[in-house]
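Working through the structure, step by step
Okay, here's what each chain looks like letter by letter:
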Amino acid sequence: MSTRALANMMLSGEFSDLKFVSQGHEIKVHKAVVCGQSPVIKAAVQGEFEESRTNTINMEKFNLETVKQLVKFLYTGDYDDVDGASVRGPGTAMPNAVASLTHHVCLNSIGDYYAIDELVSLADKKIAARIDAQGEDKTWVPSLPAVTKQALESTSDSKLLRTLASASVQKIAILVNLDDFGKLESISDFSLEVLKCCAQKLQDLTNQVNERARQLEDIKIHSVVESQSYEKKIKEKEAKSRSHEQKIKEKETMIDAFQHFVHVMRDTYYCRNMTCNVEFGGVTWSPVDGIFRCSVCKCKHEEDQLEPV
């Protein structure tokens, strides 16, 4: 039978042959659906018990909302979360995170009571997910002792207790200063003092780790700054070196040009301009355009055009 068909059976109550009773309310269910998932209920309706004669399971131990969600799980394989008002009643709502945890613990408890292992497992997962979802939020932590007390009194599920213990360890610095935590029957005065010392030790270690991390970050930043400064100096030196090399090349070029000029002066006696009637006075050289000219008529002279004696 499909989940949808089972859900329709749950809503209609048709052909029901068993009732769950809680807080004066009756919820109709089907033995074929319920007994296959709860060996406890199966034994009750099959044995020589009042339940087998009345076809009624008294669930007054659990609140009505918990029983309704139990029924929904039996027919659909899941159950709904609730808000604070659903757990406490009108006008007495609790914060959503606390209400949700309380609700899931109730479902874990009823699943444990009636040996519905899949419900217990699902409730455990939802409790762990809810705790993880709180992240760094600490507003719900003061209610953790009450939730833990509820779990200790209502379920034997060791996985749930480990989950709550793990959450308590993570928030131990807050919990050890709460009266409700110290009043848990499972915690003696001595163990509470041990927990307080552990919490202080953990806090000291956390502070040391944070301080060391800060120092390492400062060292890292200082190293980066020094590295950048060193790289800058290297680049400046390289730039100066290139500038120096360029000046050397320029001077070498000037020397070569001057030597060439001397060579031209030594080997040139006549201007190539035949109309230059003035006695040839040698050539001049302009370092700007690199051109040789007659010092008298300013005629251009190239080395291959000069007329030696």
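Heads up: the structure comes first, above all this text.
For clarity, every value in this text was computed on a predicted model and none was experimentally measured.

**Some points on the sheet that holds strand 3 (residues 56–58)**
- Strand order in this open sheet of 3 strands is 2-1-3, and the pairing throughout is mixed. Strand pairing shows two members of the sheet lacking a second neighbour, strand 2 (25–29) and strand 3, which therefore form its edges. Within this sheet the neighbouring strands show an average axis-to-axis angle of 25°, counted without direction.
- Of the strand pairs in this sheet, strand 1 (residues 18–22) and strand 2 are connected by 5 bridges, and their pairing is antiparallel. By the bridge assignment, Phe20 is partnered in strand 2 with Ile27.
- Most of the contacts of helix 5 (residues 64–76) go to strand 2, to which it runs at about 5°, and overall it touches strand 1 and strand 2.

**Things to note about the packing of helix 8 (residues 117–134) against helix 10 (residues 158–170)**
- Look at helix 8 against helix 10: their axes get within 10 Å of each other, and the N-to-C directions meet at 10°. Between helix 8 and helix 10, the angle falls in the class roughly parallel. Where helix 8 abuts helix 10, its residues Asp124, Ile127, Ala128 and Ile131 lie against Lys159, Leu160, Thr163, Leu164 and Ala167.
- Considered class by class, the residues forming the contact of helix 8 with helix 10 number 6 nonpolar, 1 polar and 2 charged.

Reading guide: rules and limits
Residues numbered from 1 in each chain as written. Predicted model: local features only at pLDDT ≥ 70, side-chain atom pairs only at ≥ 80, totals over all residues. Heavy atoms only, no water. Pairing = 2+ DSSP bridges. Helix = DSSP H or I, 4+ residues; strand = E, 2+ residues; numbered from the N terminus. Axes fitted to C-alpha atoms, helices over the stretch in contact; angles between N-to-C directions. Contact = heavy atoms within 4.5 Å. Parallel < 35°, antiparallel > 145°, perpendicular 65-115°, else oblique. Nonpolar A, V, L, I, M, F, W, Y, C, P; charged D, E, K, R; others polar.

So, to be careful, I would describe these as geometric facts and stop short of saying anything about function.
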